[in-house]
Amino acid sequence: MKNTMLQHFEKTFGDTDGVRVFFAPGRVNLIGEHTDYNGGHVFPCALTIGTYAAVRLRKDRNLRFFSVNLNKKGVIHSSLDELIHINEDDWANYPKGVLWAFAQHSFLVDQGMDIVYYGNIPNASGLSSSASIEVLTGYILMKLFDFDLDFKKLSLICQYAENKFNGVNCGIMDQFACAMGKKNHAIFLDTSNLKYEYAPIDLGDAKLVIACSNKKRGLGDSKYNERRSQCEEALARLKTVVDVQSLGDLTEEEFEVHKGVIEDEVLIKRAKHAVYENQRTIRAVAALKNHELETFGSLMNESHTSLQYDYEVTGMELDTLVETAWKQEGVIGARMTGAGFGGCTVNIVKNDAIHAFIENVGKVYEEKIGYKADFYVVEIGDGPVEL
Ligand code: GLA
């Protein structure tokens, strides 16, 4: 891949003298959805697919960005003195946001760069293509400018970029998972204090299969921020009767006792998901540690149902993929992953059933939805590296 990236760079910017090549993963969340901005737990893992970049420092303060995937947009020009969000800059607002966020945290970049990006994760699909670009860009800055920061801090700065520069009030999960990835492990992260633990993922005779709905989704124009404020409102009402910092502090029983104070049916459903999903995630990780993969799978299924009926972030495309998956032989668990509203599902499928799974789910999906889904059998990989 290094050579391919060097070729892309040469084609775009002329030659490859002094060019360095880097990679950062995408992620899939196994369970714990929409809990990360509610002080709950998440359980994502980094993938071996993600984003590559070939980069060279410039002598001036100019920035030139090119995406092989979005090559129709051409080279996007900016400068270290113009780090503001500009709609026409499209995807390049992600790397620009990271440069801006580094400066905000006193990591000052004083030389421009030419960068070519190429991603082998589908865009806007719920596998964190944007966090992958952000973490990759931040890692490049760490390496090129010798900034002294660890991967946890890197993920926080990248989240800051997404929140403040790109206007998506996302939690920490995606940036954390991309930065802190570990081969064959998922990250059990408590988002209330960023304490985490790596849990080995041994699926025995099964694999992770991602089904991509190909329904495009951008968090900015989705209902993501609305869900977040609904949870905040429900929490504010609960706080009038119970001493908690976040919805993640509540057990299911405590929630059932106090939920009446929320009064609004929709807000109760949103908060219920956040509370139950957090407890489900804790139980799911315990089951995995006990090698109870079937229990883990059932909890994944329950997670989807809660996202479908209580959090209402699935939609016909994801529901079709998941409900069809549940009917297939050899499926241990299936749920939507990421923010929802389109994007991907994650499935644990027995090796000898994968072929039929892809064929059958793909057929039903195309018949019902009218276009194809894509399937990826994925491996769990490490965080960012220089190639
Ligand atoms: C997006 C956000 C994450 C998280 C998920 C939902 O991926 O970026 O912070 O909230 O949605 O779990």
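Preceding this section is the structure that the text describes.
Residues numbered from 1 in each chain as written. Predicted model: local features only at pLDDT ≥ 70, side-chain atom pairs only at ≥ 80, totals over all residues. Heavy atoms only, no water.

1. Thoughts on the overall build of the chain
Right, so step 1: Counting secondary structure elements, the chain contains 11 helices and 13 strands.
Right, so step 2: Here the C-alpha atoms of the chain give a radius of gyration of 21 Å, agreeing with the 21 Å that 2.2 N^0.38 yields for 387 residues.
Right, so step 3: With respect to the principal axes defined by its C-alpha atoms, the chain has extents near 65 × 50 × 40 Å.
Right, so step 4: Relative to its full complement of 387 residues, the chain shows a buried share of 59%.
Right, so step 5: Sequence separation of at least 24 residues holds for 72% of the intrachain contacts in the chain that already meet a minimum separation of 6. (Helix = DSSP H or I, 4+ residues; strand = E, 2+ residues; numbered from the N terminus. Rg over C-alpha atoms; globule rule 2.2 N^0.38 Å. Buried < 20%, exposed > 50% of the residue type's maximum accessible area, 1.4 Å probe, protein only. Contact = heavy atoms within 4.5 Å.)

2. Points about the packing of aromatic side chains
Right, so step 1: Tallied over the entire structure, the rule returns 19 aromatic pairs.
Right, so step 2: An angle of 70 degrees between the planes, with centres 5.5 Å apart, marks the rings of phenylalanine 176 and tyrosine 196 as edge-to-face. Of this pair, phenylalanine 176 sits in helix 5 (residues 173-180) while tyrosine 196 sits in strand 8 (residues 195-200); the two residues are 20 residues apart in sequence, bridging distant segments of the chain.
Right, so step 3: With relative accessibility at 36%, the residue tyrosine 196 sits in the partly exposed group.
Right, so step 4: With a centroid separation of 6.2 Å and 85 degrees between ring planes, the pair formed by phenylalanine 357 and phenylalanine 375 is classed as edge-to-face. Of this pair, phenylalanine 357 sits in helix 11 (residues 354-369) while phenylalanine 375 sits in strand 12 (residues 374-378), placing them 18 residues apart in sequence. The pair formed by phenylalanine 357 and phenylalanine 375 is uniform in burial state, with each residue classed as buried.
Right, so step 5: An aromatic cluster is present here, built from Phe102, Phe107, Phe145 and Phe147 joined pairwise through their rings. (Phe/Tyr/Trp six-rings, centres within 6.5 Å; stacked < 30°, edge-to-face > 60°.)

3. Considerations on the site of the ligand
Right, so step 1: The local shell around the ligand holds 13 residues, among which Glu33, His34, Asp36, Asp174 and Tyr224 are the closest.
Right, so step 2: Here an oxygen atom of the ligand and a side-chain polar atom of glutamate 33 are 2.6 Å apart.
Right, so step 3: Alanine 339 places a main-chain nitrogen or oxygen 3.5 Å from an oxygen atom of the ligand.
Right, so step 4: Considering the ligand on its own, with 310 Å² of exposed area, one finds that the protein chains cover 97% of that surface.
Right, so step 5: When its residues are assigned to classes, the shell around the ligand shows six nonpolar, three polar and four charged. (Near = heavy atom within 4 Å. Polar contact = N/O pair within 3.5 Å; in protein donor to acceptor, adjacent residues only side chain to side chain. Areas by Shrake-Rupley, 256 points an atom, 1.4 Å probe, with all protein chains shown as cover. Nonpolar A, V, L, I, M, F, W, Y, C, P; charged D, E, K, R; others polar.)

4. Comments concerning a negative patch on the surface
Right, so step 1: Together, Asp243, Asp249, Glu253 and Glu254 make up a negatively charged patch on the protein surface.
Right, so step 2: Within the secondary structure layout, aspartate 249 lies in the loop between helix 6 (224-238) and helix 7 (252-258). (Patch = residues over 30% accessible without salt bridge, like charges linked within 9 Å, V, L, I, M, F, W, Y side chains within 5 Å. Salt bridge = Lys/Arg side-chain N within 4 Å of Asp/Glu carboxyl O. Lys, Arg positive; Asp, Glu negative; His and termini not counted. Charge placed at Lys NZ, Arg CZ, Asp CG, Glu CD.)

5. Here we look at the pattern of salt bridges
Right, so step 1: If you walk through the whole model with that rule in mind, you get 26 salt bridges.
Right, so step 2: With its nearest N and O atoms 2.9 Å apart, the salt bridge here joins aspartate 81 to arginine 61. With aspartate 81 in the loop between strand 5 (76-79) and helix 2 (93-104) and arginine 61 in the loop between strand 3 (44-57) and strand 4 (62-67), this pair connects stretches of sequence that are 20 residues apart.
Right, so step 3: Owing to a relative accessible area of 56%, aspartate 81 belongs among the exposed residues under this scheme.
Right, so step 4: Arginine 227 is paired through a salt bridge with glutamate 226; the nearest N and O atoms lie 3.1 Å apart.
Right, so step 5: Connected through shared salt-bridge partners, Glu33, Glu277, Arg280, Glu302 and Arg335 make up one network.

6. A few points about the pairing of strand 9 (residues 206-212)
Right, so step 1: Most of strand 9 is tucked away, with six of its seven residues classed as buried.
Right, so step 2: The pairing of strand 9 with strand 11 (residues 344-350) spans seven bridges and is classified as antiparallel. Along strand 11, the bridge assignment pairs cysteine 212 with cysteine 344.
Right, so step 3: When strand 9 meets strand 12, the two strands line up antiparallel, connected through five bridges. Its bridge partner being in strand 12, leucine 208 is matched across the sheet by valine 378. (Pairing = 2+ DSSP bridges.)

7. Overview of helix 2
Right, so step 1: For helix 2, spanning 12 residues, the distance from its first C-alpha to its last is 16 Å, which sits close to the expected 16 Å at 1.5 Å a residue.
Right, so step 2: Restricting attention to buried positions, one finds in helix 2 the residues Asn93, Pro95, Lys96, Gly97, Val98, Leu99, Trp100, Ala101 and Phe102.
Right, so step 3: At its buried positions, helix 2 is contacted by strand 4, strand 5, strand 6 (113-119), helix 3 (129-145) and helix 4 (151-165).
Right, so step 4: One or two positions beyond helix 2, positive phi appears at serine 106, with a value near 65 degrees. (Expected span 1.5 Å × (residues − 1).)

8. Comments concerning the sheet that holds strand 2 (residues 41-42)
Right, so step 1: Reading across from one edge, 2-7-8 is the order of the three strands in this open sheet, with antiparallel pairing throughout. Each having just a single partner strand, strand 2 and strand 8 make up the two edges of the open sheet.
Right, so step 2: Examined bridge by bridge, strand 7 (residues 185-190) and strand 8 share six bridges and lie antiparallel to one another. Its bridge partner being in strand 8, isoleucine 187 is matched across the sheet by tyrosine 198.

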